[in-house]
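Inside the fold
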Amino acid sequence: MTATPPSYQASVHLSYHQIQLRELDEAGPEFPARFDNGLIAVAEEGDGATILTGIALGLVDVEVQLADEPPVLDLDSWEEIVEVSIESTTGSLVMCGLDGDLPSLPNLAHQGEGFYRLRVHARGRDTKPDGVAGTPVEHYLIISWPAEPQPDMPFKYADVFGAGIRQRHG
């Protein structure tokens, strides 16, 4: 059985419903035209991705785990879970709000350049959709491990916010 990797936690300040994953010293990805899975869209060009939040502005809690292999899947604690593949051409993939505020979270490309699998979990996106949250009401877990590219894999769709996004983009 795979051990749970170490966890790192921080509050991320976001705006315009976006948490960005990007290279440390580069601008974030363009806002995606589509969020087919309702949670995360990997950039079509360059390194990066955008996680779509329910709140429009404020703080969300984020936990990051860096793994060497796919971890055990926890379907009970989360409302939405999607896996995507992403490439880091520079060995740098950090999480930040749209304004570039860098929380104290580790580099998701923790083994250098190459392809990674990200399992993105979300809970609480229906609490204040399109609202402002000075205290976190949404929670995210991002687990990263090196892996060859694979198609997106949804494991769980259970929030109303994500269903609305999928309906508009599907």
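Preceding this section is the structure that the text describes.
Just so it is clear, the model here is predicted, and its values are computed rather than measured. (Residues numbered from 1 in each chain as written. Predicted model: local features only at pLDDT ≥ 70, side-chain atom pairs only at ≥ 80, totals over all residues. Heavy atoms only, no water.)

**Topic: the environment of Leu 52**
- Along the chain, Leu 52 turns up in strand β4 (residues 48–52).
- For the pair Leu 52 and Leu 21, spaced 31 residues apart in sequence, the C-alpha to C-alpha distance is 11 Å. (Helix = DSSP H or I, 4+ residues; strand = E, 2+ residues; numbered from the N terminus.)

**Thoughts on helix α1 (residues 160–169)**
- Along α1, the residues classified as buried are Phe 161, Gly 162, Gly 164, Ile 165, Arg 166 and His 169.
- Tucked inside the fold, the buried residues of α1 contact β4, β6 (80–88) and β11 (153–157).
- One side-chain oxygen of the residue at the start of α1 lies 2.6 Å from the amide nitrogen of Gly 162, identifying that residue as Asp 159. (Buried < 20%, exposed > 50% of the residue type's maximum accessible area, 1.4 Å probe, protein only. Contact = heavy atoms within 4.5 Å. Polar contact = N/O pair within 3.5 Å; in protein donor to acceptor, adjacent residues only side chain to side chain.)

**As for the side chain of Glu 63**
- Here Glu 63 is to be found in strand β5 (residues 57–66).
- Salt bridges are absent for the buried Glu 63, whose nearest opposite-charge side chain, Arg 123, sits at 7.0 Å.
- Among the polar contacts listed, one links the side chain of Glu 63 to the side chain of Ser 7, at a separation of 2.5 Å.
- Of the polar contacts made by the side chain of Glu 63, one reaches the side chain of Gln 65; its length is 3.2 Å. (Lys, Arg positive; Asp, Glu negative; His and termini not counted. Salt bridge = Lys/Arg side-chain N within 4 Å of Asp/Glu carboxyl O.)

**Here's the deal with the packing of aromatic side chains**
- Taken as a whole, this structure holds 0 aromatic pairs when the rule is applied.
- Across from the ring centre of Trp 78, 4.2 Å away, lies the NZ or CZ of Arg 123, which sits over that ring. (Phe/Tyr/Trp six-rings, centres within 6.5 Å; stacked < 30°, edge-to-face > 60°. Lys NZ or Arg CZ within 6 Å of the ring centre and 35° of its normal.)

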